[in-house]
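In case you want the letters, here they are:
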Amino acid sequence: MTANIAAAKAALAHLDLEEREAAIKSASRDFFWYSPVLKDRLDHVLADFVVRPKTEAEVIEVLKVCYQHDVPVTTRGAGTGNYGQAMPLAGGCVMHLRNMNKVKEIHPGRVVTEPGVLLRELDEACNEQGQEIRMFSSTWDTATVGGFIAGGSGGIGSVHWGSLRDLGNIIRLRVVTMEAEPRILEFRGEELARVSHAYGTNGIITELELPLAPAYDWTEVFVATDTFSEAVAFADDLANNDGILLKLASVYENPIAHAYFQRVKPHVEEGTNLIGLMVAPHSMDGFLTFLARRPEARMIYRSDDHDWPRAPGRVFEYGWNHTTLRALKVDPSITYLQVRYAFPDHRALIERIRAMFPGGEVMQHLEALRMGGKVAFAGLSLVKFTTEERLNEIIHLHEEAGAMIFNPHRYTLEEGGRQTVDATQLNFKKEADPKGLLNPGKMIAWDDPDFGYREMYAYPGMRAAE
Ligand code: FAD
């Protein structure tokens, strides 16, 4: 199967087609460089052209033309994914959905939107009606809602609502297939798992219906403790106080706050452990009562009443993967891991793993979230990178200790997930993308069903570096 790029470009020339080399290069990259392993493997990846459809009808046209000419299509929201998710490994077309940016309908408890709307824009539109989106990635300011659903997992709001994959957090997705005659399908309930967090490998989301919550002017707070275990206990116990409404509870082991959070640094010591919180304003009384019962914890900042000469900005922009970004800016040798510390042994497991890495090679950054209704932690640990071998060893040690790793140093769905075939997603791909043209190289089960996960998958169709 050889792609006829020239024929596809000619057929799509009447659309918003990008051919400038620099623009194509930047639309071919995401935040893959967070990982030195992916940086090494994917730095050269480049599309042949970029097209920016404005409507669902134009999406269908792009898919139909590319199908006809065997051209791979990799969909792009804003390109803030970290796993090389939005990178066109085999070249071809990058279909950029940023122009599909209309919020269509807002009703009590739900919103209907196009996929290219930024999370911030969507939230602000809902705020005008006294509502807000339940959860968003810390890239609220820059990421699209379509990219969040197709590539993300959860974030700010997950301490209360759980993850995107939990029932009820997505209501409906409208999806276009990549066939000779693309079909439009509507998914609800069990069917949502076909395309949510599928990296656009088996269908393109052209409309989303998401649940909303009442909007609050969240009070953002930093709390400091001297010991790490006090900080973990504070966040865990607070998140378990059902009457106190939180949107965020992050924990940063020392010296993260002092070493990497420039505007927080003047207010903490090197040994300070930090907790970042978003508390609903009507829960502040309850929160302050909780705080008063914890003499080991001191509130050093609250967004509605502080005397910091330089305000720290949004507290959620220190959490989730923004922690890694802030650390990377100070120390380019930093990378990260994604760890699952499940209930009920989460605290003991965190302490056990922490004890395995004295000396700062692995620094604990935790996000409280609900897993099956129970408060537990996602770890986005900071790692001082030395070699790929050592990184693999650190991952292995976590797994041996009983923690599940979602490896952010891999570009496939399976390796970044549970290392198993997702039959629901695979079966839908067989039906919706029979030529395997959607985001090729990201689903191992499609290319190599017998892959054993003993080494890193190397997609054979990847364009060679020039
Ligand atoms: P992209 O990166 O453009 O796309 C993501 C994936 O979805 C790609 O595989 C793409 O092909 C596919 N895709 C995009 N749009 C569609 C569509 N309409 N139909 C089908 N497939 C599509 N992630 C979290 O889950 N939580 C976080 O808190 C978080 N914080 C982050 C912080 C930083 C600093 C960075 C760099 C990343 C973070 N991420 C986080 C990862 C990423 O930002 C989020 O997943 C984000 O919401 C992705 O949105 P995007 O528009 O940039 O998507």
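Residues numbered from 1 in each chain as written. Predicted model: local features only at pLDDT ≥ 70, side-chain atom pairs only at ≥ 80, totals over all residues. Heavy atoms only, no water.

Going by an unreviewed UniProt entry, the protein chain carries the name FAD-linked oxidase and comes from Primorskyibacter flagellatus.

Our next topic: the pairing of strand β18 (residues 365-371). In terms of burial, β18 is largely enclosed, as 7 of its 7 residues are buried. With burial as the criterion, each face of β18 is covered, one bearing His365, Glu367, Leu369 and Met371 and the other bearing Leu366, Ala368 and Arg370. In terms of strand pairing, strand β12 (residues 246-252) meets β18 through 3 bridges, oriented antiparallel. Of the residues in β18, the one forming a bridge with Val251 is Leu366. Pairing analysis gives 6 bridges linking β18 to strand β19 (residues 374-379), with the strands arranged antiparallel. Within β19, the residue paired with Leu369 across the bridge is Ala376. Turn length for the β18-β19 hairpin, with the two strands adjacent in sequence and antiparallel, is 2 residues, and the turn residue Gly372 shows positive phi of about 55°. (Buried < 20%, exposed > 50% of the residue type's maximum accessible area, 1.4 Å probe, protein only. Helix = DSSP H or I, 4+ residues; strand = E, 2+ residues; numbered from the N terminus. Pairing = 2+ DSSP bridges.)

Here we come to the pattern of salt bridges. Evaluation of the coordinates by the stated rule reveals 39 salt bridges. The shortest N-O distance in the salt bridge between Glu18 and Arg52 comes to 3.0 Å. Note that Glu18 is positioned in strand β1 (residues 17-18) and Arg52 in the loop between β2 (49-51) and α4 (56-68), a separation of 34 residues in sequence. The two residues Glu18 and Arg52 agree in class, both being buried. A salt bridge links Arg183 to Glu431; its shortest N-O distance comes to 3.7 Å. Taken as a pair, Arg183 in the loop between β8 (172-176) and β9 (184-187) and Glu431 in helix α15 (residues 423-432) lie far apart in primary sequence, 248 residues in all. (Salt bridge = Lys/Arg side-chain N within 4 Å of Asp/Glu carboxyl O.)

Three or four residues apart is the spacing at which side chains of an α-helix point the same way, because the helix has 3.6 residues per turn. The end-to-end C-alpha separation of α4 is 18 Å, in line with the 18 Å expected for 13 residues at 1.5 Å each. Along α4, the residues that are buried comprise Glu56, Glu58, Val59, Ile60, Val62, Leu63, Val65, Cys66 and Tyr67. One or two steps after α4, the chain reaches Asp70, where phi turns positive at roughly 55°. (Expected span 1.5 Å × (residues − 1).)

To continue, consider the UniProt feature "domain: FAD-binding PCMH-type" (unreviewed entry) in the protein chain. In this structure's numbering, the residues bearing the UniProt feature "domain: FAD-binding PCMH-type" (unreviewed entry) are residues 42-215. The span residues 42-215 is 20% helix and 25% strand, and its two end C-alpha atoms sit 40 Å from each other. (UniProt positions renumbered as here; feature names shortened; annotations may be inferred.)

Time to look at the site of the ligand. The ligand sits among 37 residues. The nearest are Thr75, Gly77, Thr80, Thr144 and Gly154. Taking Ala78, its main chain carries an N or O atom lying 2.9 Å from an oxygen atom of the ligand. Across the complex, the protein chains shield 97% of the 970 Å² of accessible surface that the ligand would expose by itself. Residue assignment for the shell around the ligand shows that the elements contributing at least two residues are β3 (73-76), α6 (145-151), β10 (204-214) and α11 (321-330). (Near = heavy atom within 4 Å. Polar contact = N/O pair within 3.5 Å; in protein donor to acceptor, adjacent residues only side chain to side chain. Areas by Shrake-Rupley, 256 points an atom, 1.4 Å probe, with all protein chains shown as cover.)

The next point concerns empty space enclosed by the protein. Overall, the coordinates contain 1 cavity of 30 Å³ or more when judged by the stated rule. When its volume is computed, the largest cavity comes out at roughly 100 Å³. Lining the largest cavity are Leu119, Leu122, Ile133, Arg134, Met135, Val145, Phe148, Ile149, Leu164, Asn169, Leu210 and Pro211. Going through the elements one at a time, α5 (119-127), α6 and β10 are the ones with two or more residues in the lining of the largest cavity. For the lining of the largest cavity, the element with the highest residue contribution is α6, accounting for 3 residues. Partitioning the lining of the largest cavity into residue classes produces 10 nonpolar, 1 polar and 1 charged. (1 Å grid on protein atoms, 1.4 Å probe; cavity = no way out; pocket = protein on both sides within 12 Å on 5 of 7 lines; lining within 4 Å. Points joined across faces, edges and corners; volume = space filled by probe spheres on them. Nonpolar A, V, L, I, M, F, W, Y, C, P; charged D, E, K, R; others polar.)

The next thing to look at is the sheet that holds strand β14 (residues 297-302). The 8 strands lie next to each other as β14-β11-β13-β12-β18-β19-β16-β21, forming an open sheet whose pairing is antiparallel. Of all strands in the sheet, those bounded by a partner on one side alone are β14 and β21 (404-405). Bridge analysis of β12 against strand β13 (residues 273-279) gives 6 bridges, and the strand direction is antiparallel. Among the inter-strand pairings, Tyr252 is bridged to a residue of β13, identified as Leu274. Contacts between helix α10 (residues 284-292) and the sheet are confined to β11 (219-225), β13 and β14, with β14 contributing the most and set at about 145° to the helix. (Contact = heavy atoms within 4.5 Å. Axes fitted to C-alpha atoms, helices over the stretch in contact; angles between N-to-C directions.)

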